[in-house]
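Architecture and fold: a report
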Amino acid sequence: MATGNPIFPNSLATVSSQGLAEQRQALQQRLKEGATGGEIVQAFSDFMDALLIARFREVIQEGHAEIRASWQQCCLVAMGGYGRRELAPYSDIDVMVLTQGNQGVVAQTLSKGVFHRLWDLGFQVGHSVRSIAECLAIAETDLSSCTSLMESRFLGGNAAVFQELQKKFDRRILKKQSKRFILDKIEERQQEYAKFGETIFLLEPNIKKNKGGLRDIHLVQWIGQARYGCGTLQELSNRGIFEFQDYQVLQDAQEFLWRVRGFLHFDAGRAQDILTFDDQVRLAEIYGLSDLPNLLAVEQFMQLYFRHTMGLHDRCVRFLEKTQERSWVDRMRRWWPNSLIEGNFRIQDKRLTIPSEKLHGVLESPVCLLRLFEISRDQAVPIDARILNELSQHLVTVPNERFHTKEVSSLFRGILNRPGQIAETLEAMHQASLLEKLVPAFARVRGLMQFNQYHKFTVDKHSLLAVKETERLQEDQGLVGEVYREIPDKDILHLAVLLHDLGKGRPGDHSKIGQEIAHKMADRLGLSEKEREELAFLVFHHLVMSHTAFRRDLNDQKIILTFARKMKTVEVLQKMFILTVADISAVGPEVMTMWKESLLGELYSRTYENMVEGKEPVKTARGKTVLQPAVRKTLLETIAIQGIELSVPDPDWASWVDEQLSQLPEWYIASTSVEQMAAHFLAIRNLPARPTHVEGRFNVALGISEYVLITREQAKPGLFMQLTGVLAALGLEVLNAQIMTLADGTVLDLFSVNDSDCKGQPSDYRFREVSQEIQSVVQEDYSVDQVFERRRRINFGRQFPIGRRSTEVLMDNDASDSYTVIDVFADDKPGLLFVLAKTLVQLHLSIHMARIGTRLDQVVDVFYVTDAQGDKISSGNECEHIQNILGTAVDEFWDKDEHGSL
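Residues numbered from 1 in each chain as written. Predicted model: local features only at pLDDT ≥ 70, side-chain atom pairs only at ≥ 80, totals over all residues. Heavy atoms only, no water.

This part is about the overall build of the protein chain. Of the regular secondary structure elements, the protein chain holds 38 helices and 14 strands. Relative to its full complement of 902 residues, the protein chain shows a buried share of 56%. Here the analysis covers contacts within the protein chain between residues at least 6 apart in sequence; of these, 70% occur between residues at least 24 apart. Carbon and sulfur atoms form 48% of the exposed surface of the protein chain, whose accessible area is close to 39,600 Å². (Helix = DSSP H or I, 4+ residues; strand = E, 2+ residues; numbered from the N terminus. Buried < 20%, exposed > 50% of the residue type's maximum accessible area, 1.4 Å probe, protein only. Contact = heavy atoms within 4.5 Å. Areas by Shrake-Rupley, 256 points an atom, 1.4 Å probe, with all protein chains shown as cover.)

As structure tokens, then:
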């Protein structure tokens, strides 16, 4: 442990920027050598004290006679974190010149002499000059000022002035308005939770303001001062307000956060409270952690972080409950308490609790513990936080086997089978460490982060959120809600949702490990063989539906048949659909988009029809015969009307439309509205006059933009490549592309894109802009490279700290009867899709469909291709060659620091 002390200069006037930097460097070295975070913040506070006090005295001594005569009516006061002697290396400094009465001249002289020097040194200074009366007046109306005064500390000048303020502040503000102050501070903290994150388990947390951050400790200290006159954790412990164990948890968490904050400040060279991925990697190394086969060093570090912040926030919540003043009705009820529930439990102060004389018996009975949570759910009353803490401490010593009984299993299944409060009940069980007794695998994922930018929560939080997302479907009025309500045995579904990711953090495929966990859980709960296999199947295959929906052509008959055979029964299909939706929804905000939900719904519906009604999935046959007579009549009428309006030559529409329909695939006819189809047909008819037609529209139902290109087949291949290049240059993310070349050489390409430049529906100008760029490139007015040059964008993203992952190229000749499917897994970068399309053109492959998905932090570009003769690539050597060329193209693209042309 380093024990060196900071070197204090004689005066703020004599210290230089270099001297300040050297002081910070010395403190940084002490921190690296093992000094505590508390030592660092106190040392820097002491350093600033010495500077400010010396400068305060100099200003008095250098002043004229009036200044020297009046200084006894003033003093210098540290405020905020500086007042607590918790000044982080680059934090703001809050200082006040306090006066007794109107001492304007001397106060302004002191302010100018002291504060201006701080600004010159680069400090962010929160400064004020106030009289005692002004301080008291503002404290009555401004919560922040009131809080700052509460933690103020005398630095220099006349101590009697400061003591008078403290005395009056304590009498007029704290004692008279403590109740309002406490409620206001709790409300203020709730607003910070809403702003900075409602959960502890954010992957890049703000260590000061997030749940479980330093601000929770500040809140405890502020309320402790207002309620009990104890403004520090030590004082609260000494008074018996905190039990020693709770004090130790808070002190350890505070020290951990102070130390982490010190490293963040020193590394950034400024105030920095966000624990970024890069910081996490660096701190894991500083803390001496190393990668394990199943757990990265950074994941171990974040487990440590979450353990501290969970403990901190839990104690904070319990302290706040304890300090709440009870109404006279509540106090009277303590004299006439409610009757016992089942002889063990009682609702008191709107909390479910256990009388002290009953506590031991309940703790020793697993059945009673389960009933505690059932009653909490049934009565919609939360369990007293002190009881949850008692459970957590007690259950550490209880073997899991005591909970593996038929009665306990029956109670647990009952909890899982009733939507409404399942997630809240499981979260309370998790807090009390009971859930891991019922599901032992849950203990391993407590606070386990997933070190990627895709998942936003730890594994345990994600699993509980997935259950919550499942329950929400009870009120959903769409297809997903309808399917959820039809499922009879919801306990198996909810259990599968809870277990699906618990295999993470161990060596091997987490889905396979999850399957083993599911089998063990089934045995513990006494599930039937059918239930056992269904549970294990859902967990093992929980990614299959999303992979199929997002990466494969759902218009392909073989895809639907293959997926239906894998699901086997409608019951499994229904549960898999709900599990998939809940899993994606629980990844993070806005991850489940309308586009993704529509694809999952389409896969479910087509598979359901095949399994229940024996319908053949939609084929890629030509479409003349599938258009119903009434629809065909409407189409002809729409074309005739629009054709007159657009002055399109009037042929024999009936025979011409039938000819077009005969060339189009059935899925196009089935999925395109009459109005859109009419517009496309008119554009085809008008190609002699207008060789290239591009139009964009916003699909409100899916929340995406759609672009259609209609032209004639080019002698030079690469139309898809050109379009992807233009879209990439304009910042549009391609989600799906359908490429159709009709028998007469007409090209009809449909692109579904996400326009990140626009929130909601893009403007008409945006659609015209994109359409014009596409048209100009197709007509060879200029090249894709020129579009990239004109539209060059600054990349505001940042490289993930573990570096670029390896590129993987897979060739699949089994998924489709007509096409070879190529899956490219690569780290994403603007222009990647264009590079892949360009490479496929150079390989003389024809692209018929493309779909873009994700795999954690990588993009998955999927292409349905044929060779130059329209056949699948069947040669093993040719497949290997394509894989190598595509992999090399991606690597070369990433290796370029900058590119003038693609």
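Our next topic: the packing of helix α24 (residues 510-525) against helix α25 (residues 529-540). At a minimum axis distance of 8 Å, the contact between α24 and α25 shows a crossing angle of 155°. When the axes of α24 and α25 are compared, the pair comes out roughly antiparallel. The chirality of how α24 crosses α25 is right-handed. Contact residues: Ser511, Lys512, Gly514, Gln515, Ala518, His519, Ala522 and Asp523 in α24; Arg532, Glu533, Leu535, Ala536, Val539 and Phe540 in α25. Per-class residue counts for the contact of α24 with α25 are six nonpolar, four polar and four charged. (Axes fitted to C-alpha atoms, helices over the stretch in contact; angles between N-to-C directions. Parallel < 35°, antiparallel > 145°, perpendicular 65-115°, else oblique. Left-handed = near helix turned anticlockwise from the far one by under 90°. Nonpolar A, V, L, I, M, F, W, Y, C, P; charged D, E, K, R; others polar.)

What follows covers the packing of aromatic side chains. On inspection of all chains with the given rule, the structure shows 17 aromatic pairs. Consider the rings of Phe44 and Phe47, whose centres lie 5.9 Å apart with planes at 20°: the pair is stacked. In this pair, Phe44 and Phe47 both sit in helix α2 (residues 37-62), three residues apart, roughly one turn of the helix. The buried category is assigned to Phe44, whose relative accessible area is 1%. Phe47 gets classed as buried once you look at its relative accessible area, which sits at 1%. Members of the aromatic cluster, connected to one another through ring pairs, are Phe256, Tyr287, Phe301, Tyr305 and Phe306. (Phe/Tyr/Trp six-rings, centres within 6.5 Å; stacked < 30°, edge-to-face > 60°.)

Turning to empty space enclosed by the protein, a few remarks are in order. Counting across every chain of the model gives two cavities of 30 Å³ or more. What the largest cavity holds in volume is close to 50 Å³. Around the largest cavity sit Phe403, His404, Val408, Ser409, Phe412, Leu438, Arg524 and Leu525, which together line it. The set of elements that each furnish at least two residues to the lining of the largest cavity consists of α18 (406-416) and α24. If one sorts the elements of the lining of the largest cavity by residue count, α18 sits on top with three residues. A class-by-class count of the residues in the lining of the largest cavity yields five nonpolar, two polar and one charged. Estimates place the volume of the second largest cavity at around 30 Å³. (1 Å grid on protein atoms, 1.4 Å probe; cavity = no way out; pocket = protein on both sides within 12 Å on 5 of 7 lines; lining within 4 Å. Points joined across faces, edges and corners; volume = space filled by probe spheres on them.)

With mixed pairing, four strands are arranged side by side in an open sheet as β3-β2-β1-β4. The open sheet has two free edges, formed respectively by β3 (125-131) and β4 (153-157), since each of these has just one partner strand. Direction aside, neighbouring strands of the sheet carry axes that sit 25° apart on average. The strands touched by helix α8 (residues 159-196) within the sheet are β1 (74-79), β2 (93-99) and β4, with β2 carrying the most contacts at an inclination of about 100°. (Pairing = 2+ DSSP bridges.)

With that settled, consider the environment of Ala654. Mapped onto the secondary structure, Ala654 falls in helix α31 (residues 653-663). C-alpha of Ala654 to C-alpha of Lys633: the two residues are 21 residues apart in sequence and 9.1 Å apart in space. Ignoring any residue separated from it by four or fewer positions in sequence, one finds Ala654 in contact with Arg632 and Leu636.

Okay, the pattern of salt bridges next. Tallied over the entire structure, the rule returns 47 salt bridges. Arg402 is the salt-bridge partner of Glu364, the closest N and O atoms lying 3.4 Å from each other. Of the two residues, Glu364 sits in the loop between α15 (356-363) and α16 (366-379) while Arg402 sits in the loop between α17 (385-395) and α18, which places them 38 residues apart along the sequence. When its relative accessible area of 33% is taken as the criterion, Glu364 is described as partly exposed. (Salt bridge = Lys/Arg side-chain N within 4 Å of Asp/Glu carboxyl O.)

Turning our attention to the state of the cysteines. Counted by the stated rule, this structure contains zero disulfides. Cys74 takes part in no disulfide bond, and the closest cysteine sulfur to it belongs to Cys75, at a distance of 7.7 Å. (Disulfide = S-S within 2.5 Å.)

In this structure, the second largest pocket encloses a volume near 1,600 Å³. Lining the second largest pocket are 49 residues, with His313, Asp314, Glu427, Ala428 and Gln431 positioned closest to its centre. With nine residues, the top contributor of residues to the lining of the second largest pocket is helix α13 (residues 297-323).

Turning to helix α19 (residues 422-431), a few remarks are in order. Counting buried positions over the 10 residues of α19 gives seven, a clear majority of the element. All of the buried residues along α19 are Ile422, Ala423, Thr425, Leu426, Ala428, Met429 and His430. Against the buried residues of α19 lie α16, α17, α18, α20 (435-438), α21 (459-472) and α23 (490-499). Positive backbone phi, approximately 65°, marks Ser433, located one or two places after α19.

With that settled, consider the nonpolar core. Ranked by size, the top nonpolar core spans 108 residues in total, and within it Phe373, Leu426, Val439 and Leu499 carry the most contacts. For this core, the element with the highest residue contribution is helix α28 (residues 570-585), accounting for eight residues. Aside from chain neighbours lying at most four places away, what touches Leu499 is Val439, Ile517, Ala518, Met521, Leu535 and Val539. Counting 97 residues, the second-largest nonpolar core is a separate cluster that includes Phe44, Leu121, Val161 and Val220. (Core = buried A, V, L, I, M, F, W, Y, C linked by side-chain atoms within 4.5 Å.)

Attention shifts here to the confidence of the model for the protein chain. Residues with a pLDDT of 70 or more make up 89% of the protein chain, whose mean pLDDT is 86. Low pLDDT (under 50) marks residues 617-625, which in the prediction has 31 contacts with non-local residues, meaning those over four places away or in another chain. Here residues 897-902 is modelled with pLDDT under 50, and outside its nearest four sequence neighbours on either side it reaches 10 contacts, counting other chains as well. (pLDDT = per-residue confidence, 0-100.)

Helix-helix packing is characterised by the crossing angle of the two axes and by the distance between the axes. Packing of helix α26 (residues 544-551) against helix α29 (residues 594-613) brings their axes to within 9 Å, and their N-to-C directions diverge by 105°. Considering the angle they form, α26 stands roughly perpendicular to α29. Touching Met545, Ser546, Thr548, Ala549 and Phe550 of α26 are Lys596, Leu599, Leu600, Leu603 and Tyr604, all from α29. Looking at the contact of α26 with α29 residue by residue, the classes come out as seven nonpolar, two polar and one charged.

Before going further, it helps to examine unusual backbone geometry. The phi dihedral of Arg85 falls on the positive side, at around 60°, and the residue is not glycine. Even without being a glycine, Glu780 presents a positive backbone phi close to 65°.

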